[in-house]
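Residue-level listing of the chains:
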Amino acid sequence: QVQLVESGGGLVQAGGSLRLSCAASGIIFSFNYMDWYRQAPGKERELVAAISRLGTTNYADSVKGRFTISRENAKNTVYLQMNSLKPEDTAVYHCHVVAGGRDYWGQGTQVTVSS
């Protein structure tokens, strides 16, 4: 079955950096478009960044220039490098993939940015 396992979250001061990882199994990783979403308390889940199987990337306006999504197909892993973090980046970050017509989500990793 498809599994997505995130890691790398934590508590960081504003202006700091974190690198999230998402290890995927149960899919042909190199064929798949991968996303990172986030959900803050009381807010809807929002798309943060996405990367195609060929490496084309897209970002939410709120993170452009600060976040970088990348993938390492040999390790079935997608990353989210987050720099210049702001308190408004505080959220649970989830990895996401659509495979076989179904949505799959990781359990999420908490990112907390203190001011």
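Quick caveat, the model's predicted, so the values are computed rather than measured.

1. Focus: the overall build of the protein
- When you go through the protein residue by residue, the secondary structure sums to zero helices and 11 strands.
- If you list the helices and strands of the protein from N to C, you get β-β-β-β-β-β-β-β-β-β-β.
- Here the protein has a C-alpha radius of gyration of 13 Å; the compact-globule value for 115 residues is 13 Å, and the two agree.
- Along the first, second and third principal axes, the C-alpha set of the protein runs to 40 × 25 × 20 Å.
- Within the protein, buried positions represent 43% of all 115 residues.
- Nonlocal contacts in the protein, meaning residues at least 24 apart in sequence, comprise 53% of its contacts between residues at least 6 apart.
- For the protein, the exposed area adds up to about 6100 Å²; of that, 48% sits on carbon and sulfur atoms.
- Side-chain charges in the protein split into 11 positive and 9 negative, and the spacing between the mean points of these groups amounts to 5 Å.

2. Observations concerning the pattern of salt bridges
- Applying the stated criterion across every chain yields a total of five salt bridges.
- Residue Asp89 is joined to Arg66 by a salt bridge in which the shortest nitrogen-to-oxygen separation is 2.7 Å. Taken as a pair, Asp89 in the loop between β8 (77-82) and β9 (91-99) and Arg66 in the loop between β6 (57-59) and β7 (67-72) lie far apart in primary sequence, 23 residues in all. This pair shows no difference in class: Asp89 is buried, exactly as Arg66 is.

3. A short note on the sheet that holds strand β1 (residues 3-7)
- Here we have four strands laid out as an open sheet, ordered β1-β3-β8-β7, and antiparallel in their pairing. A strand with exactly one partner marks an edge of an open sheet, and here the two such strands are β1 and β7. Neighbouring strand axes in the sheet, compared pairwise and without regard to direction, differ in orientation by 15° on average.
- Both β1 and strand β3 (residues 18-25) contribute to a ladder of five bridges, which runs antiparallel. Paired with Ser7 across the bridge in β3 is Ser21.

What counts and what doesn't
- Residues numbered from 1 in each chain as written.
- Predicted model: local features only at pLDDT ≥ 70, side-chain atom pairs only at ≥ 80, totals over all residues.
- Heavy atoms only, no water.
- Helix = DSSP H or I, 4+ residues; strand = E, 2+ residues; numbered from the N terminus.
- Rg over C-alpha atoms; globule rule 2.2 N^0.38 Å.
- Buried < 20%, exposed > 50% of the residue type's maximum accessible area, 1.4 Å probe, protein only.
- Contact = heavy atoms within 4.5 Å.
- Areas by Shrake-Rupley, 256 points an atom, 1.4 Å probe, with all protein chains shown as cover.
- Lys, Arg positive; Asp, Glu negative; His and termini not counted.
- Charge placed at Lys NZ, Arg CZ, Asp CG, Glu CD.
- Salt bridge = Lys/Arg side-chain N within 4 Å of Asp/Glu carboxyl O.
- Pairing = 2+ DSSP bridges.
- Axes fitted to C-alpha atoms, helices over the stretch in contact; angles between N-to-C directions.

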